[in-house]
Each structure stands twice: as structure tokens, then as C-alpha cells.
Amino acid sequence: MHPPVRVLISTLATTRLTSGPAYAGAAPVNKEGLSREQWGVHPVNSQPEPVTSTGMVSDRRNRPLRDLRISVTDRCNFRCVYCMPKQIFGRDFTFMERDELLTFEEITRLARIAVAHGVQKIRLTGGEPLLRKGLEELVSMLSALRTPNGQEIDIALTTNGSALAVKAKSLKDAGLKRVTVSLDSLEDATFKAVNDVDFPVAKVLEGIDEAYSVGLGPIKINMVVKGGQNDQDIVPMARHFKGSPYILRLIEFMDVGNSNGWQMTQVVPSAEVISRINAQLPVEEVASNYPGETSARWRYRDGGGEIGVISSVTQSFCHSCTRVRVSTEGKLFTCLFATEGDDLRALMRGGCSDEQLSSVMAHIWRERTDRYSELRSAKTSELHATGKKKIEMSYIGG
């Protein structure tokens, strides 16, 4: 049985960054494993004032809330070595029961409130989101949302592409605008070694082409580059997608979660990635499309399109991060590298009003100070010292 709503609201709004004894200048650590002095955090009021939705809420580093990423399932049909390695997520792994997942109505309720606070883009993630039954219904519900000034919401989805050929048209018809497809190699042997379920490249490429044919776009292709595994495919991937309607984005192997065996020696810096491509396919850097864009854009000098690099490890973009994430069962996370989240499902199923839920979400964002990637070395040692573990990417979405 859930605690009374007023207790949950007070607890969520006050314990996220002030758990334990009241702050008395002794620099205790917050949930992220670093002291408040290091993070610049101040305790919030025990009884937060209601927050009026104005279309703008900013955190302690003056970063507005603009992007909402929602994980609709913790299940995936791949066992990618950098995300859901088979030795951890094997046949005996216990996934969530259906009644633990947020319903489509609960997801839409959270999204509607987030939009009122400034969210302009919603991305559906997983796990593999196409495994969630009836996903088109959720897309339709979300696509009906509007910003305070009446603008449509940009609804996107990240997928491994395995079911995209079948689902692309129905998703487009439901209101989906864009897709990002994970594809780490064009070589079957390498790709199968990465996904670890013997899934062929050809089926993913078929899904990408089908998504394009039904009008989803722009379509982005995400390649996680892991040194010693698929970095030999950097240039072949660039060459394959050069001149196509698709945008290849090359992502540094990140230390998300605790099960992917991350080591700094396996990170191929984006600078090296660009250098390898530029040596054979000359490129030049171009300006970002919008503030807070995670990918640094480069275009081919001969007009053959563009690529992007995401450098979370070597060139952090914490200073401009505008993303909040909601997990499959309704916990809100303000950082991809978080160790804990705030349970909004308990609030909703406990009977809170939209006004109360709105106030809690706004206060959580206003107290946000996350900057893990800027402090990676210190942060990693602190996590080891406290014994805390980061949330897995398959649980929170990328």
C-alpha cells in the first residue's frame, strides 16, 4: 500500500538530494556519490510551493528541460555486449511483470506535464521499444500533445531495427516522426558478435529502407565504436552511408551501467574517428542544429551528406544537457549515469493530482546538478568508494 500522497510528495521533493541527516555543513554525499559542496547543491524546502507550468523550468546550472526520453520496456531481443551482455541478461534473468510497467495512460500523463514545463521532444526507448505490444497506440496518444504555444511535439524512437520493416508504416501513421537505428557494423560476423543473437545486418538495413520509404526522417544510424571489436568498420560505415538519406553517428563507448565491462582503453576518441574518416573521405565541421545537440556535426566536403560524433567520454556536453529520462516502471532520472531515480509511478498510483505531480517534477529538475561526464575520473572513484551502481542503459534507455 502506498504512503499518503502528501507524504510521497514531500519525500520525493526533499530526499532526492538531501537524504540522511539534515545538512549541517559536513559535506555528506548525495545519491550520485559526490558531496553537495562538489555539486553545488542546497537542500530544498520540505514543503515545496506549487509550481505553475510556464513552458520553462531550468536546473541549478541554468539548463532548461527540453527533451524527455521514455523507456517503454526493459526487454530486448538483442544481447549487445555494450548494453545487455548475455552473461548478465541470460535466460534466467528476471524482467519486469506487465503490471509493473507504466501504462500508456500513465506515460502520456507524465509526458503532458513535462511538455507543460518545456519539453519539445519525446523519444521512446527501451530495451527494444518495438517489443512493447500496441506501441502505435502510445505514439498516437503522445502525438496529440501540444506545447504551451500550440506547437506539435517531435516524437522519435530509438530501435535496433529488427522489427522496423514490419512496424514502420503503422508507427508513421500513428504520428511517429523520426527513428534512430542502432547498427554497429555492416559485416555480418562483427554485427552478430555484437548483438550476440546471430541477427543479420540485412534485416536491419531492410528496416531502415522501409522507414525511409514511409516518410520517417531524418533517419539516424547510431554506431557505438568499441576499440578492438568494431573500430575497423568506422570508414566502411561512413563510406556506405555517404550520399544516402541517412545520417551516421559514431558514439564513444560509454561507461553506462555496470555490466558492459567498460575500460577507457576500449574508447576510440571521436577526434580519432574523424581523423580516420577525413583521411579517406574529407570532412569539415559544421554548426549544431540547436542548443544542446549531443552530436557534433561534420559534412563531406564534396556534398555527400553529413556524419556526427557523440563524445560523452572525451568531450562531455553536460553543460548543455536538457534531457530527463523516465524508466519502464516510472522512475525519473536526470542523468544517464545516475544511481537512483524518483518514483513517479507511486505518486500516480497513490492518487496525486496533476498539479501535485507537476510540482514534484519541476522541483526535481530545479534541483538538478548532474555533470557526471565532466567529473568522470573523480566520480568513478567515488562510486567505488560508496558501493553504488549506475543504472543500466537497457533499463533507462540511451
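Note that the coordinates shown come from a computational prediction; the quantities given were computed from them, not determined experimentally. (Residues numbered from 1 in each chain as written. Predicted model: local features only at pLDDT ≥ 70, side-chain atom pairs only at ≥ 80, totals over all residues. Heavy atoms only, no water.)

A.B. asks: Residue-level account of the nonpolar core, with values.
C.D. replies: Counting residues in each nonpolar core, the largest one holds 98 residues, and the members touching the most others are Ile-122, Leu-124, Ile-221 and Ile-277. Of the residues forming this core, the biggest block, seven residues, is contributed by helix H3 (residues 104-116). Non-local contacts of Ile-122, meaning those with residues more than four positions away in its chain, are made with Leu-68, Ile-70, Ala-111, Val-115, Leu-142, Leu-145, Ile-153, Asp-154, Ile-155 and Ala-156. (Core = buried A, V, L, I, M, F, W, Y, C linked by side-chain atoms within 4.5 Å. Buried < 20%, exposed > 50% of the residue type's maximum accessible area, 1.4 Å probe, protein only. Helix = DSSP H or I, 4+ residues; strand = E, 2+ residues; numbered from the N terminus. Contact = heavy atoms within 4.5 Å.)

A.B. asks: Describe the sheet that holds strand E2 (residues 121-125), with residues and values.
C.D. replies: Strand order across the open sheet formed by twelve strands is E7-E8-E9-E6-E5-E4-E3-E2-E1-E10-E11-E12, with mixed pairing between neighbours. The strands lining the two open edges of the sheet, one partner per strand, are strand E7 (283-286) and strand E12 (342-343). Across the sheet, helix H9 (residues 270-280) lies against strand E6 (247-252), E7, strand E8 (296-300) and strand E9 (306-310), angled at about 155° from E9, the strand it touches most. (Pairing = 2+ DSSP bridges. Axes fitted to C-alpha atoms, helices over the stretch in contact; angles between N-to-C directions.)

A.B. asks: Now, about the packing of H3 against helix H11 (residues 354-366): what can you tell me, with residues and values included?
C.D. replies: Close contact between H3 and H11 brings their axes to 10 Å; oriented N to C, the two are set at 60°. Here H3 and H11 pass one another in a crossing that is right-handed. In this structure, H3 contributes Arg-109, Leu-110, Arg-112, Ile-113 and Ala-114 to the contact, and H11 contributes Asp-354, Leu-357, Ser-358 and Met-361. Among the residues making up the contact of H3 with H11, the classes are represented as five nonpolar, one polar and three charged. (Left-handed = near helix turned anticlockwise from the far one by under 90°. Nonpolar A, V, L, I, M, F, W, Y, C, P; charged D, E, K, R; others polar.)

A.B. asks: Lay out the packing of helix H5 (residues 164-174) against helix H7 (residues 201-213) in plain terms, naming residues and giving numbers.
C.D. replies: Helix-helix packing is characterised by the crossing angle of the two axes and by the distance between the axes. Relative to each other, H5 and H7 sit at 15°, their axes nearing to 8 Å. Considered as vectors, H5 and H7 are oriented roughly parallel to each other. The two elements H5 and H7 cross, and the hand of that crossing is right-handed. Contact residues: H5 offers Leu-164, Ala-165 and Ala-168, while H7 offers Glu-206, Gly-207, Ile-208, Glu-210 and Ala-211. (Parallel < 35°, antiparallel > 145°, perpendicular 65-115°, else oblique.)

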